[in-house]
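Structural features, examined
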Amino acid sequence: MRRPLFVVAALLCACGDSSTSDPPSDDAASDAASDGASDTSIGGDAAPDAGGDGGGDGGVPGWPTAYTPPTEATVLSTLVAGHPRLVVRDADLAAIKASLTDPVAKGYYTALVARGDAMLTAPVSERVLVGPRLLAVSREVLKRTYTLALLHRLTGDAKYLDRAVKELVHVAGFSDWNPSHFLDVAEMSYAFAIGYDWLHASLSPADRKTIADALVTKGLGEGKKAYDAKAWWTTDPFNWNLVCHGGLTAGALAVADEQPALAKFLLARAIANVPKALASYAPDGAWAEGPGYWGYATQYAVAGIASLKSALGTDFGLSALPGFSKAALFRLGNVGPTGLSFNFADADSAEGDEPPLFWLARRFESPLYAYGARGAAGKNGSYGDLMWYDARGNAADLAKEPTETWFHVADIVSMRSSWGDANAVWVGFKGGDNGANHSDLDLGDFVFDALGQRWAIDLGPDNYDLTGYFGKERYTYYRKATIGQNTLLVDGKNQDEAAKAPITGFVVGPVPWAIADLSKGYAPLGVTKAQRGVALLDGKTRLLVEDELEASKGVGVVWTMHTKATVAIAGTKATLTQGGKTLTVSLLAPTAGAALSVVDVNLAAPQNPTTGVRKLQIKLTGTTSTRIAVLFVPEGAKTDAPAVKSLATWASAGP
């Protein structure tokens, strides 16, 4: 396996009255593992061996110079006595209550009460697996526990306590928490940690024992077994590491005074191995698994770090590791003016609530992050938004941010005409790594916003329970294969699954542009050169996408862009209509033997069905050398065709 600022006004509109959005339905570096298969990662690579126990390794990449993680002997030396000690201590409640004078925070609280009251009469959660996962149940228990326990602490009302206890005691009776898919155990452990710690003083001795015993045997004990077996996720550089360790860290701290040996074992190893995943944020906060898993990973990175800080008074330098302070910038920059993200790598385009942004705002003293967090939460923020609420920041903070950003670790480029304008022009463009977790074969992919519409779309994830979705059959599915991306398709074949496409040129300013070298993606098909450039022209009002391809033999090339717009074709021009707006797409090169065409994309169950999706195409045959230049002109922009220049001249003469 390989390693890898949104417009707030638009997000406020896009989020509406929705409640907190769930993280992705599952990570999948190892879904096959839950079926007993050895083919455990995207692209068919075996899960990595965890190596040693991970305790006390001072040479972990990403650690500050000369820094040594705590040992089992020292890790609990500053443990706070008594409960609650996790995330929100009793001393923090006054600040939360004081924040309710703010109308936004008051709205979060009102919504939280409504959700909590609805939970009072909901049936308790049951042990029902979906495919190989109990994950949906774990997440529901976590949401209920956090909501009900926070409301009990804020109001003192016993009805929230009683319902939370009913849930926890019932789930404690499950036969297990599905350790074959360890994310399920990790999230359930987090739920039980919060329930046990926050409600500790109000629990009966019997209920306290029931909840603690379940946490220890079905959660933390399973974590120790995983370490003893050198489970692959213990040293994984991506979200499994942060989720599993985040849940176990909270759980271990909740019972650390009662189970010190087990807590020390797990905490020392978690703190030593979490940097291997935190290093994936470096240098600029991006996340190669895509925006959906950025949210999932960051949620649990924050859960673990916040628990350490509150329970031990230190996070042992974890939050100071390179790149983590910039993590919020990826969430902000990878979202267009429509409020939709560049949803590569198993991510949905609709963005929602991200409470960790509030925590990051506090940790790194960033009004910008706080402003972004309020935009993401909308009117009805979740328990996380309320407990970390930060009223700082405004549109002026956002306007100071660069309008062009290259996220190096993921080779993602974001370019926009302005911040704060829902009608702005914006393009998200990727080189990237086809071998990264959750990747599609999509080197060169792009999405495009203008006039308040998403014109070029990424189709996003498919049904996680499709046969082989995280194994050898992954790239037989349309949404994951090259045919389903906004890029070039050569001879009808997929890009190389191991290929990377670096960004080789990037210029900011009045005419920003970026170039990615896609050559390795097509090399097995006889392509000797493939480059794609994207540029915003004429005051950032128009988009140019230009490809250059050379091959050692004649190849068929299909230029592809997916859209939900209505498309009318007239030779080398297409008129796209959507939301009462119009976009003209013009083929500037080649000038002979090529035209635009459109076909419907109809995917049926068990794949996630498509509705109203069309594919704009340019087809070339027997090609050994070609330049394809396509101009996107939103209504109201100038319509004259620019001269088509080679990509090699962009650096000296501009696009």
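The notes below deal with the structure included here. In this text, all values refer to a predicted model and were calculated from it rather than measured experimentally.

Some points on the pairing of strand β14 (residues 573-578)
Only one face of β14 is buried: it carries Ala-574, Leu-576 and Gln-578, and the other face, with Lys-573, Thr-575 and Thr-577, is open. Of the pairings in the sheet, the one linking strand β13 (residues 566-570) to β14 comprises five bridges and is antiparallel in character. By the bridge assignment, Ala-570 is partnered in β14 with Lys-573. Here β14 pairs with strand β15 (residues 581-589) via six bridges, running antiparallel. When the sheet's bridge partners are listed, Thr-577 is paired in β15 with Thr-582.

Some details on the nonpolar core
For soluble globular proteins, nonpolar side chains are generally found buried alongside one another. Counting residues in each nonpolar core, the largest one holds 137 residues, and the members touching the most others are Leu-86, Phe-192, Tyr-281 and Phe-324. Residue contributions to this core peak at 13 residues, all from helix α10 (residues 291-312). Those residues in contact with Leu-86, other than ones at most four positions away along the chain, are Ala-193, Ile-194, Asp-197, Trp-198, Ala-250, Leu-253, Ala-254, Ser-307, Ser-310 and Ala-311. Among the nonpolar cores identified, the runner-up in size contains 49 residues, and Leu-518, Val-557, Val-585 and Phe-632 belong to it.

Some details on the packing of aromatic side chains
By the definition in use, this model includes 30 aromatic pairs. Each ring, one from Tyr-227 and one from Phe-265, has its centre 6.3 Å from the other, and the planes form 90°; the classification is edge-to-face. Pair noted here: Tyr-227 is in helix α7 (residues 205-228) and Phe-265 is in helix α9 (residues 260-278), with a separation of 38 residues, a long-range link. Here the aromatic rings of Trp-513 and Trp-650 are separated by 5.7 Å at their centres, their planes lie at 75°, and the arrangement is edge-to-face.

Points about the packing of helix α3 (residues 103-119) against helix α5 (residues 158-172)
When two helices pack together, their arrangement is given by the angle between their axes and by how far apart the axes lie. At a closest axis distance of 10 Å, the pairing of α3 and α5 adopts a crossing angle of 55°. As far as their axial angle goes, α5 and α3 are oblique. With respect to the hand of their crossing, α3 and α5 are arranged in left-handed fashion. Where α3 approaches α5, its residues Val-113, Gly-116, Asp-117 and Met-119 are matched on the opposing element by Lys-159, Tyr-160 and Arg-163.

Focus: the sheet that holds strand β2 (residues 412-416)
If you trace the five strands from one edge of the open sheet to the other, you get β1-β2-β3-β5-β6, paired in antiparallel fashion. Looking at strand neighbours, the two that pair on one side only are β1 (404-407) and β6 (453-456), the edges of this open sheet. On average, adjacent strands in this sheet sit at an angle of 15° to one another, irrespective of strand direction. As paired elements, β2 and strand β3 (residues 426-430) share five bridges and run antiparallel to each other. Among the inter-strand pairings, Arg-416 is bridged to a residue of β3, identified as Trp-426.

Rules and cut-offs
Residues numbered from 1 in each chain as written. Predicted model: local features only at pLDDT ≥ 70, side-chain atom pairs only at ≥ 80, totals over all residues. Heavy atoms only, no water. Buried < 20%, exposed > 50% of the residue type's maximum accessible area, 1.4 Å probe, protein only. Helix = DSSP H or I, 4+ residues; strand = E, 2+ residues; numbered from the N terminus. Pairing = 2+ DSSP bridges. Core = buried A, V, L, I, M, F, W, Y, C linked by side-chain atoms within 4.5 Å. Contact = heavy atoms within 4.5 Å. Phe/Tyr/Trp six-rings, centres within 6.5 Å; stacked < 30°, edge-to-face > 60°. Axes fitted to C-alpha atoms, helices over the stretch in contact; angles between N-to-C directions. Parallel < 35°, antiparallel > 145°, perpendicular 65-115°, else oblique. Left-handed = near helix turned anticlockwise from the far one by under 90°.

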